[in-house]
Amino acid sequence: GTGEGDIPGMEDNNFLYNKSGVLVSAVFNDSKPKFSPEKGVNLSAGYKINGHLFGSDFNYSRLWGDFRTYHDLGDVILAFRIMLGGIHSADTDQFIPVEDRFYSGGSNSIRGWNRSELGPKRENGTPSGGKSVMESSLEARYPLFWKVSGVAFVDAGNVWPDSYHFDLGDLAYAVGGGIRVETPIGPVRFDIGFPVWNEKRSPQFFISVG
């Protein structure tokens, strides 16, 4: 579990603690064009260590990687993404500060759920985050007219409370479609995502840029 119940008040917004550490990250990106890739690969990864030799109330490490690839199939652009992340705590209470936990759901995540809505919940129903995350997406984009294109997608993923625990039988799925309008600062995106094979839920609507 997340261990939130072992320290009284740790989920309170006024819960204070000291935290220090080091973050190392790297990015490889040869996808083109910049704002609406049609070919190439985008790979990013990061490792964050808190506490231990750096001093902190909590000692843990956070590792994640994000892989994206794009293929031009003529009139259709096929985009694939997979992201994995895990957190390991060296403390008995296993507490991870809320800002470093993994969350899922939203316009750049699993689109059948609202922002951070997918995964473990507190007793009051709010997202509590987790120590493991997996997200994947397969998206087909096709031109319609002018600078407008359509998209169809399938998303899958989830967040789990245990460290480096990825249960493929517990994935949440969403399907949907949307519209992309090209602008000088990137595409304006209109998406609608429908949860499938999960509890009955309403579709989610998203408007975003980039």
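Residues numbered from 1 in each chain as written. Predicted model: local features only at pLDDT ≥ 70, side-chain atom pairs only at ≥ 80, totals over all residues. Heavy atoms only, no water.

Undergrad: Could you give an account of the overall build of the protein, with specific residues and numbers?
TA: Each helix and strand counted, the protein has zero helices and nine strands in total. Reading the protein from its N end, one meets helices and strands in the order β-β-β-β-β-β-β-β-β. Each of the three principal axes of the protein carries a C-alpha extent, and together these read 55 × 40 × 30 Å. Considering the protein as a whole, with its 210 residues, one finds that 41% of them fall into the buried category. Looking at the protein alone, contacts between residues at least 24 apart form 57% of all its contacts between residues at least 6 apart. (Helix = DSSP H or I, 4+ residues; strand = E, 2+ residues; numbered from the N terminus. Buried < 20%, exposed > 50% of the residue type's maximum accessible area, 1.4 Å probe, protein only. Contact = heavy atoms within 4.5 Å.)

Undergrad: Hey, could you go over the pairing of strand E3 (residues 60-72) for me, with residue numbers and the actual values?
TA: In the sheet, strand E2 (residues 40-50) pairs with E3 via 11 bridges, with the strands oriented antiparallel. Within E3, the residue paired with Ile-49 across the bridge is Ser-61. Pairing analysis gives 13 bridges linking E3 to strand E4 (residues 77-89), with the strands arranged antiparallel. Among the inter-strand pairings, Phe-67 is bridged to a residue of E4, identified as Ile-82. Hairpin connection between E3 and E4: a loop of four residues separates the two successive antiparallel strands, and Gly-74 in this loop has a positive phi of roughly 100°. (Pairing = 2+ DSSP bridges.)

Undergrad: So what about the environment of Glu-117? Which residues, and what values?
TA: Among the secondary structure elements, Glu-117 is positioned in the loop between E4 and strand E5 (132-145). For Glu-117, a relative accessible area of 26% translates into the label partly exposed. Sequence spacing of Glu-117 and Tyr-103 is 14 residues, and the spatial spacing of their C-alpha atoms is 7.6 Å.

Undergrad: Go over the sheet that holds strand E8 (residues 188-196) with me, naming the residues and quoting the values.
TA: With antiparallel pairing, nine strands are arranged side by side in an open sheet as E1-E2-E3-E4-E5-E6-E7-E8-E9. Two strands lie at the open edges of the sheet, namely strand E1 (21-29) and strand E9 (204-209), each paired on one side alone. If you compare each strand with its neighbour and ignore which way they point, the axes differ by 15° on average. Note: strand E7 (residues 172-181) against E8, nine bridges, orientation antiparallel. Opposite Gly-178, over in E8, you have Asp-191 as the bridge partner. (Axes fitted to C-alpha atoms, helices over the stretch in contact; angles between N-to-C directions.)

Undergrad: Provide a residue-level description of unusual backbone geometry, including the pertinent values.
TA: Lys-32 connects to Pro-33 through a cis peptide bond whose omega is -10°. Its place among the elements puts Pro-33 in the loop between E1 and E2. If you check the backbone angles, Gln-94 has positive phi at about 60° while not being a glycine. Relative to the helices and strands, Gln-94 is located in the loop between E4 and E5. You can call Gln-94 partly exposed: its relative accessible area is 25%. For Ser-116, which is not a glycine, the phi torsion comes out positive at approximately 65°. For Ser-116, the position within the fold is in the loop between E4 and E5.

Treat this as a map of the structure, not an account of what it does.
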